[in-house]
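Chains, contacts and geometry: an overview
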Amino acid sequence: MKQHDTTRARAARRMTRGRALAALALAGAGGAALAATMAERAEARPIPVASTAAAASVDAAVVPAVVQDTLGGRSGKLRARFVSLERTVTFPFLRRLLGDSSARPGVYTVQPAEGARPFSFISLVPFGEKRDGRIGRYRIGFWPAELGKSLRGKYGNPQGFIEVTPDNKDTRVSEHFKLADFLTHDQVRVWPKYLVLDEALVDKLELVLQDLRARGYDAKRLHVMSGFRTPQYNANGGETAGRADLSRHQYGDAADVWVENGAGRMADLNRDGRVDTRDAAILAEAADRVERAHPELAGGVGIYRANRAHGPFVHIDVRGSRARWGHA
Ligand SMILES: [Zn+2]
């Protein structure tokens, strides 16, 4: 009898954790109503799983259902969710989930089941950890809102940073993208680096890839030529086509991409024997269709022609309102 009670108590505890995890993940993604639904589903289908060593303290019993049903995003391809540290401190359940390590930002990966794709919860470094425009030796700079411009919402300061190390840089954020794809291209030897990245951008890029394939285009993956750009990089250096004071790149919700099928530049999508802005236009049209299907992912779509440094590419962002440039 006592044994039975203990088992039941343990099971109940596990459910609570599952609910908490689902709610938390969804709060991060923005969807309180859905969180309730997901918690129910998670409860209905607890699947025993094995955790990876890195996340040994994560009770992953309810992760698979949640991961497969909701955490995958609109594309179903997301493999990571970002969690602000404030939340992990405010909510004791997350500390229990992640163990003492939750006091530290980092990547916590769970292996939902044998053979299943790993899923990562990434705890962010709070924005306030940036001092004098840097964290540690990594130079970041200052966002417009820090420089006295009264900007809010999508143009306010980011919530926090993903700390990227040589060990975690290849963590998948989705089926076709990893953390390193979005890093600013500077300070090559400085680690850790710090990254601002919006899950919605990654989701949109996956949807664009899906759309192209569904239309019969040969599209193996999207190469991110430029993802996040620190404000200091945005202001000072590098090949930053379309650079602007309020560039979405410094908010982590923009990427300059081309369809990469192995040539190291944009693929000849329309098979006319040349690689030019007509191929980029096909990619831009895919982004257009994705926005029509998912208005909440609205943003900028800009077509850029080739120059000596790069082939044609398309800028895609999720700024929240429609913007178009470079179109014929
Ligand atoms: Zn761009």
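All of the points below concern the structure found in this document. (Residues numbered from 1 in each chain as written. Predicted model: local features only at pLDDT ≥ 70, side-chain atom pairs only at ≥ 80, totals over all residues.)

1. Some words on the overall build of the chain
Note the cut-off: In this description a helix means any DSSP run of H or I spanning at least four residues, a strand means any run of E spanning at least two, and both kinds are numbered starting from the N terminus. With C-beta atoms placed from the backbone, a contact is any residue pair whose C-beta atoms sit within 7 Å.
If you tally the helices and strands in the chain, you get eight helices and 13 strands. The contacts of the chain with a sequence gap of at least 6 include a subset with a gap of at least 24, amounting to 66%.

2. Focus on the nonpolar core
Cut-off, in case you're wondering: To define a nonpolar core, we join buried Ala, Val, Leu, Ile, Met, Phe, Trp, Tyr and Cys residues through C-beta atoms within 7 Å and take the resulting set. Burial is judged by counting other C-beta atoms within 10 Å of a residue's own C-beta: 20 or more means buried, 12 or fewer means exposed, and anything between counts as partly exposed, with every C-beta placed from the backbone.
Ranked by size, the top nonpolar core spans 63 residues in total, and within it Leu195, Leu205, Val208, Val257 and Val314 carry the most contacts. Considering each element in turn, this core owes the most residues, eight residues, to helix H6 (residues 199–214). Setting aside anything within four residues of it in sequence, one finds Val257 in contact with Leu205, Leu222, His223, Val224, Met225, Phe313, Val314 and Ile316.

3. A word on the sheet that holds strand S10 (residues 254–260)
Spelled out, the test is: Each pair of strands is called paired provided DSSP finds at least two bridges between the two strands. Throughout, an axis means a line fitted to C-alpha atoms (over the contacting stretch in the case of helices), and angles, computed between N-to-C directions, take values from 0 to 180 degrees.
Across the sheet, five strands lie side by side as S9-S10-S12-S11-S13; this open sheet has mixed pairing. On the outer flanks of this sheet lie strand S9 (221–226) and strand S13 (323–325), each paired with one strand and no other. Going from strand to strand, the sheet's axes swing by 25° on average, the running direction of each strand aside. Relative to S10, S9 is paired through five bridges, and the arrangement is antiparallel. The residue bridging Arg221 from the neighbouring strand is Glu260, located in S10.

4. Digging into unusual backbone geometry
The amide bond that connects Trp191 to the next residue, Pro192, takes the cis arrangement and shows omega of -10°. In this structure, Pro192 sits in the loop between strand S7 (160–164) and strand S8 (193–195). Phi is positive for Gln187, which is not a glycine, with a value near 45°. Relative to the assigned elements, Gln187 resides in the loop between S7 and S8. Although it is not a glycine, Arg271 adopts a positive phi angle of roughly 50°.

5. A short note on H6
Which entries qualify depends on this criterion: By this rule the span expected of a helix is its residue count minus one, scaled by 1.5 Å.
A rise of 1.5 Å per residue sets the reference length of H6, with its 16 residues, at 22 Å; its end C-alpha atoms lie 23 Å apart and thus fit the reference within 8%. H6 sits mainly inside the fold: 13 of its 16 residues count as buried.

6. Comments concerning helix H8 (residues 277–293)
For clarity, the cut-off: Starting at the helix axis, one direction is taken to each C-beta atom, and the arc is that of these directions.
Its 17 residues place the ends of H8 24 Å apart at the C-alpha level, agreeing with the 24 Å of an ideal helix rising 1.5 Å per residue. Taken residue by residue, H8 has Thr277, Asp279, Ala280, Leu283, Ala284, Ala286, Ala287, Val290 and Glu291 as its buried positions. Considered in projection along H8, the buried side chains sweep an arc of 160° and stay on one side of the axis. What points out from H8, more than 90 degrees from its buried face, is the exposed set Arg292 and Ala293. Buried residues along H8 sit against H6, S10, strand S11 (300–304) and strand S12 (313–317).

7. Quick word on the pairing of S11
The buried fraction of S11 amounts to five of the five residues, a majority that puts the element mostly inside the structure. Burial of the side chains of S11 extends over both faces: Gly300, Gly302 and Tyr304 are buried on one face and Val301 and Ile303 on the other. Relative to S13, S11 runs parallel, the two sharing three bridges. Across the sheet, residue Gly300 finds its bridge partner in S13, namely Ala323. The pairing of S11 with S12 spans four bridges and is antiparallel. If you follow Tyr304 over to S12, its bridge partner there is Phe313.

8. Description of the sheet that holds strand S1 (residues 80–83)
One key point about sheets: their strands pair by backbone hydrogen bonds, in either a parallel or an antiparallel sense. With mixed pairing, three strands are arranged side by side in an open sheet as S1-S3-S2. Only two strands of the sheet have a single partner each, and these edge strands are S1 and strand S2 (106–110). Averaged over all neighbouring strand pairs, the angle between strand axes comes to 20°, with direction disregarded. Pairing of S2 with strand S3 (residues 119–123), which is carried by five bridges, proceeds in the antiparallel orientation. From the neighbouring strand, Thr109 faces S3, where its bridge partner is Ser120.

9. Description of the environment of Ser123
Positionally, Ser123 belongs in strand S3. What makes Ser123 buried here is the crowd of 23 C-beta atoms within 10 Å. Separated by 39 residues in the primary sequence, Ser123 and Ile162 place their C-alpha atoms 7.3 Å from one another.

10. Considerations on the packing of H6 against H8
Here is the rule: Each angle gets one of four labels, with under 35 degrees taken as roughly parallel, over 145 as roughly antiparallel, 65 to 115 as roughly perpendicular, and the rest as oblique. Crossings are sorted by hand: turned counterclockwise from the far helix by less than a right angle, the near helix makes the crossing left-handed, and turned clockwise it makes it right-handed. Polar here means any residue other than Ala, Val, Leu, Ile, Met, Phe, Trp, Tyr, Cys and Pro, which are nonpolar, and Asp, Glu, Lys and Arg, which are charged; Gly is therefore polar.
At a closest axis distance of 9 Å, the pairing of H6 and H8 adopts a crossing angle of 110°. Of the possible angle classes, the one that applies to H6 and H8 is roughly perpendicular. Crossing hand, H6 versus H8: right-handed. The residues of H8 that touch H6, namely those facing Lys204, Leu207, Val208, Asp211 and Leu212, are Ala286, Ala287, Arg289 and Val290. Per-class residue counts for the contact of H6 with H8 are six nonpolar, no polar and three charged.

11. Thoughts on the environment of Leu78
You can see Leu78 is positioned in the loop between helix H3 (63–71) and S1. Sequence spacing of Leu78 and Glu199 is 121 residues, and the spatial spacing of their C-alpha atoms is 8.0 Å. With near-sequence residues (within four places) excluded, Leu78 lies in contact with Leu71, Gly72, Gly73, Val173, Ser174, Glu199, Val202 and Asp203.

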